[in-house]
Amino acid sequence: HRCSSLTMGQKNQTVVAEFYFSDFPPFENSSLLLFVPLLFIYLFIIVGNFTIFCAIRLDTRLHNPMYNFIGMFSFLEIWYTTVTIPKMLSNLVSEQKTISFVGCLLQMYFFHSLGVTEALVLTAMAIDRYVAICNPLRYAVIMTPRLCIRLSTGSCLFGFLMLLPETVWISTLPFCGPNQIHQLFCDFEPVLCLACADTSVILVEDVIHAISILTSVSIITLSYLRIIAVILRIPSGDSRQKAFSTCAAHITIFLLFFGSVGLMYLRFSVTFPPLLDKATALMFAVFAPLFNPIIYSLRNKDMKDAIRRVLCFQERSNVSGSL
């Protein structure tokens, strides 16, 4: 574990009721330089993912397993970023930059629960593409609506139950010393560094998290390696290009998501300088979600057509209403 517990001499009798965040070093005296772009990024993430979600729900042409998973992933991204970015924005314009103890626990829990759920949805998407390309004749038999519902429900249940024991355990720890979190949002390690108790048991949870991350990465990697091998054997150039383009967006999201996850949570004993640590968190919590609506809307013809149809329908409805 990369932080040491406080000694008895470092403790005092004051119980910590709230934490406060340290500044992002380059913007300590000019927070607005970060506030404005971060606000626009957040609004783009919300509007972009909501548009994708609505387009998939409203366009019956996209009612298939692949787009259902994409819609679910976009819906999760809305809440995943809402857990952290509004508080970051508030901290940039606030002098106090505080968060209550309960608020910090809730932020940690929902941020990681939504993150784990997203990882499982990405795994389900990889399995879906594997069946579609490697076993197309049995695709309709295997990827039934019932299986898709089970995969979606199972992802949510597992994601939100997995982090519950760790969060409950942290809530029982005594916090009586320093209360400054050296991160952009409440995360397990920066908070545990402030506990006035032995937190070495968290190593068990770290191992569980690492195993779950590596399991998802292994399943997705093996699926796409098999998919690429099958695609390369397709004789028709047009069919091969169409198959590659279908999977390109998924692979890009996979690399962005798990690449940032790996930098944040698979470092083990490696420590980063504070600035690099916060920059990694910014990439993980902000920039990776930013590219989801870009990739799925700009690189996907079916999605662009669906968004266009939905927007045109809204325009026609408004014109009809005004007449």
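For every chain, the first residue of the written sequence is number 1, and numbering continues from 1 along that sequence. Per-residue local features are limited, in this predicted model, to residues with pLDDT of at least 70; the limit for side-chain atom pairs, both in listing and counting, is 80 or more; totals at the level of whole chains, interfaces and linings are taken over all residues. Computation of side-chain values covers all heavy atoms of the structure but excludes hydrogens and water.

By the naming in an unreviewed UniProt entry, the chain goes by Olfactory receptor and is assigned to Neovison vison. Under the heading Subcellular location (unreviewed entry), UniProt records this for the chain: "Cell membrane". Check the Function (unreviewed entry) section of the UniProt entry for the chain; it says "Putative odorant or sperm cell receptor." UniProt positions are given in the numbering used here, feature names are shortened, and annotations may be inferred rather than shown by experiment.

Caption draft 1: Inspection of the side chain of Thr123 at higher detail. Helix numbering and strand numbering both begin at the N terminus, where a helix is a DSSP run of H or I of at least 4 residues and a strand a DSSP run of E of at least 2. Along the chain, Thr123 falls in helix α4 (residues 101-134). Given a relative accessible area of 7%, Thr123 falls into the buried group. There is a polar contact of 3.4 Å between the side chain of Thr123 and the side chain of Ser216. Apart from the residues within four sequence positions on either side, Thr123 is in contact with Ser216, Ile219 and Ile220. Categorising residues by exposure relies on relative accessible area from a 1.4 Å probe, with only protein chains included: less than 20% of the type maximum marks a residue as buried, more than 50% marks it as exposed, and the intermediate range marks it as partly exposed. Pairs of N or O atoms within 3.5 Å make up the polar contacts considered here, provided that, within protein, one atom can donate a hydrogen while the other can accept it, and that residues adjacent in sequence are counted only when both atoms are side-chain atoms. Two residues form a contact once any of their heavy atoms are found within 4.5 Å.

Caption draft 2: A look at a nonpolar patch on the surface. A cluster of nonpolar side chains, Leu32, Val36, Phe40 and Val93, forms an exposed patch at the surface whose accessible area comes to about 410 Å². Counting residues per element, the nonpolar patch draws most heavily on helix α1 (residues 32-58), which supplies three residues. By the secondary structure assignment, Val93 is in helix α3 (residues 85-93). To count toward a patch, a residue needs a relative accessible area above 30% and no salt bridge. Like charges then connect within 9 Å, nonpolar side chains (Val, Leu, Ile, Met, Phe, Trp, Tyr) within 5 Å. Here the accessible surface of atoms and residues is derived via Shrake-Rupley with a 1.4 Å probe, and residues count as covered only by protein chains that are part of the display. Salt bridge criterion: a side-chain nitrogen from Lys or Arg within 4 Å of a carboxyl oxygen from Asp or Glu.

Caption draft 3: Highlighting unusual backbone geometry. We note that Lys97 has phi near 55 degrees; this positive angle belongs to a residue other than glycine. Summarising the element assignment, Lys97 is placed in the loop between α3 and β2 (98-100). Residue Lys97 is classed as buried on the basis of its relative accessible area, which comes to 13%.

Caption draft 4: Main features of the state of the cysteines. The rule for a disulfide is simple: a pair of cysteine sulfur atoms within 2.5 Å. Applying the stated criterion across every chain, the model contains two disulfides. For Cys104, the disulfide goes to Cys186, at an S-S distance of 2.0 Å. With the S-S bond torsion at -120 degrees, the cross-link from Cys104 to Cys186 turns out left-handed. Of this pair, Cys104 sits in helix α4 while Cys186 sits in the loop between β3 (180-181) and α8 (188-192), and the two are 82 residues apart along the sequence. Accessibility classification places Cys104 together with Cys186 in one group, the buried group. What pairs with Cys176 in a disulfide is Cys196, and their sulfur atoms sit 2.4 Å apart.

Caption draft 5: Examining the pattern of salt bridges more closely. Under the counting rule described, the total for this entry stands at four salt bridges. Between Asp59 and Arg309 there is a salt bridge; the shortest N-O distance is 2.5 Å. In this pair, Asp59 is assigned in the loop between α1 and α2 (65-82) and Arg309 in helix α12 (residues 301-322), connecting sequence segments 250 residues apart. Its relative accessible area of 5% is what places Asp59 among the buried residues. For Asp305, the salt bridge is made with Arg308, and the minimal N-O distance between the two is 2.9 Å. Here Arg308 and Asp305 lie together in helix α12, a separation of three residues that amounts to about one turn. Here Arg308 falls in the partly exposed class, since its relative accessible area comes to 46%. Each of Asp59, Arg61 and Arg309 takes part in a single network of salt bridges with overlapping partners.

Caption draft 6: The arrangement of the sheet that holds strand β1 (residues 18-21) in detail. By definition, two strands form a pair when at least two bridges between them are found by DSSP. Strands sit in the order β2-β1-β3 across an open sheet of three strands; the sheet is mixed. Edge strands, defined here as strands with exactly one partner in the open sheet, are β2 and β3. Of the pairings in the sheet, the one linking β1 to β3 comprises two bridges and is parallel in character. Across the sheet, Tyr20 pairs through a bridge with Gln180, a residue of β3. Sheet contacts for α4: β1, β2 and β3; angle to β2, the most-contacted strand, approximately 85 degrees. Axes here mean lines fitted to C-alpha atoms, for a helix over just the part in contact, with angles spanning 0 to 180 degrees between N-to-C directions.

Caption draft 7: Here's a closer look at the side chain of Asp305. When its relative accessible area of 18% is taken as the criterion, Asp305 is described as buried. A polar contact of 2.9 Å, which involves the side chain of Asp305, links it to the side chain of Arg308.

Caption draft 8: Expanded view of the environment of Ala285. Here Ala285 shows up in helix α11 (residues 274-298). Ala285 sits 170 residues away from Gly115 along the chain, and the two C-alpha atoms are 9.6 Å apart. Those residues in contact with Ala285 that sit more than four places away from it in its chain are Tyr80, Thr81, Thr84, Ile85, Met88, Phe111 and Phe185.

Caption draft 9: Region of the structure containing the packing of aromatic side chains. Any pair of Phe, Tyr and Trp rings, taking the six-membered ring for Trp, is counted once the centres come within 6.5 Å. Such a pair is stacked with planes under 30 degrees apart, edge-to-face with planes over 60 apart, and tilted for the rest. Inspection of every chain in the model, using the stated rule, returns 14 aromatic pairs. Between Tyr80 and Phe284, the ring centres sit 6.3 Å apart and the planes meet at 90 degrees, which makes this aromatic pair edge-to-face. Residue Tyr80 is located in helix α2, and its partner Phe284 is located in helix α11; the two are separated by 204 residues in the primary sequence. There is no split in this pair, since Tyr80 and Phe284 are both buried. Where Phe254 meets Phe258, the ring centres are 5.3 Å apart and the plane angle is 55 degrees; that geometry is what we call tilted. Separated by four residues within a single helix, Phe254 and Phe258 lie in helix α10 (residues 237-265), roughly one turn from each other. An aromatic cluster of at least three residues, connected via ring pairs, comprises Tyr80, Phe111, Phe185 and Phe284.

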